Amino acid sequence: MQEFSELRINAYRESLDVLCSVEVTVLSKNVIEAIEERRSVRQFKQDPIPESVVNRIIDCGLKAPSAGNIQPWQFWVIWRPSLKAALAEAAFGQEFVGQAPIVMVVLAEPARSATRYGYRGSELYCIQDTAAAVQNMILAALAYGIGSCWVGAFDEKKVSKALNLSERFRPVALVPMGYPAELPARRPRSCRPLEETVITVQ
Ligand SMILES: Cc1cc2nc3c(=O)[nH]c(=O)nc-3n(C[C@H](O)[C@H](O)[C@H](O)COP(=O)(O)O)c2cc1C
């Protein structure tokens, strides 16, 4: 028989599921629409993002696929202005990084993937896993009306120093997020030609 506390936790989870599904129905876009609409946003309003929304975005990151379901990631949510400024500096002076209400820093933990997959785990899978998490969060943020930009140009050592990271972690992406001050124009996506990028074998 289930313990009382276990039952309560299950009931709580079920009510959360109902709440979440209501919220998602109201807020989320069709995933195809989100992919089509997404553009990098580099100008943000200063309105704070509600913590509940930040948590929902992170939750979408946590649900990304990962090799062996190892989930070799850590997400840091930086609200502190002095740290955001240090991250902007580490990103070779990309000022918009420091101007967003939050900067999500996504870290990979190569050693965690290496325990099962060796070199391939530490060099490839943990980066793929964290990249999948970044993209999930960017699309989730869009569904909540929040703009973001994947920032990969930064000095890893400077980011690690700013956050006082353990050597186990490798910063993979900075993702400044906020309500967009300006929506980048929708444009016909200038994708590389299909003949170059898609090979179909029947
Ligand atoms: C791995 C990666 C690194 C990136 N690094 C930066 C960056 O350092 N600074 C920046 O402004 N945009 C960066 N971007 C965003 C790209 O410039 C942007 O996605 C691309 O130009 C396409 O535009 P769109 O995102 O609006 O479709 C990066 C994107 C990726 C995927």
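Structure shown above.
These remarks concern the structure in this document. In this text the structure is predicted, and so the values were computed from the model without any measurement.

### Some thoughts on the site of the ligand
In the neighbourhood of the ligand, the contacting residues comprise R39, S40, R42, Q94, C149, W150, V151, G152, A153 and P184. Looking at the shell around the ligand residue by residue, the class counts come to five nonpolar, three polar and two charged.

### Structural notes on the sheet that holds strand β4 (residues 170-178)
Within the open sheet, the four strands sit side by side as β1-β2-β4-β3. Their pairing is antiparallel. The sheet terminates laterally at β1 (73-78) and β3 (147-148), the two strands that pair on one side only. Bridge count for β3 against β4 is two bridges, and the pairing is antiparallel. Of the residues in β4, the one forming a bridge with S148 is M177. Lying on the sheet, helix α4 (residues 81-90) is in contact with β1, β2 (102-108) and β4; it crosses β1 at an angle near 120°.

### Here's the deal with the packing of α4 against helix α7 (residues 156-163)
When two helices pack together, their arrangement is given by the angle between their axes and by how far apart the axes lie. Between α4 and α7, the least distance of the axes is 9 Å, while the angle of their chain directions is 170°. The pairing of α4 with α7 is recorded here as roughly antiparallel in orientation. For the crossing formed where α4 meets α7, the hand is right-handed. Judged by residue contacts, L83, A86, L87 and A90 of α4 engage K158, V159 and A162 from α7.

### Description of the nonpolar core
L87, V103, V106, M137, A141, L174 and V175 are the most contacted members of the largest nonpolar core, which totals 42 residues. For this core, the elements supplying multiple residues, two or more each, are α3 (51-62), β1, α4, β2, α6 (110-143), α7 and β4. No other element matches the nine residues that α6 contributes to this core. If we ignore the near neighbours within four places in the chain, the residues touching L174 are L87, A91, V97, V103, V105, V151 and F154.

Cut-offs used in this document
- Every chain is numbered on its own, with residues counted from 1 as its sequence reads.
- Whole-chain, interface and lining totals are the exception, using all residues; otherwise, since this is a predicted model, local features are given only for residues with pLDDT of at least 70 and side-chain atom pairs are given and counted only at 80 or more.
- Only the C-beta atom matters for this test: placed from the backbone, it must lie within 6 Å of a molecule or strand for the residue to be near it.
- Throughout, the ten residues Ala, Val, Leu, Ile, Met, Phe, Trp, Tyr, Cys and Pro are labelled nonpolar, Asp, Glu, Lys and Arg are labelled charged, and all others, Gly among them, are labelled polar.
- One requirement defines pairing of two strands: DSSP has to find at least two bridges between them.
- Starting at the N terminus, helices and strands are each numbered in turn, a helix being any DSSP run of H or I of at least four residues and a strand any DSSP run of E of at least two.
- Whether two residues are in contact is decided by their C-beta atoms, placed from the backbone, lying within 7 Å.
- Here an axis means a line fitted to C-alpha atoms, over the contact stretch when the element is a helix, while the angle between two N-to-C directions is reported on a 0 to 180 degree scale.
- The cut-offs work like this: below 35 degrees is roughly parallel, past 145 is roughly antiparallel, 65 to 115 is roughly perpendicular, and the gaps in between are oblique.
- Crossing chirality is assigned from the near helix's rotation relative to the far helix, an anticlockwise turn below a right angle marking it left-handed and a clockwise turn marking it right-handed.
- By convention the nonpolar core is taken to be a set of buried residues drawn from Ala, Val, Leu, Ile, Met, Phe, Trp, Tyr and Cys and joined through C-beta atoms within 7 Å.
- Every C-beta atom is placed from the backbone, and the number of other C-beta atoms within 10 Å of a residue's own sets its class: buried at 20 or more, exposed at 12 or fewer, partly exposed in between.

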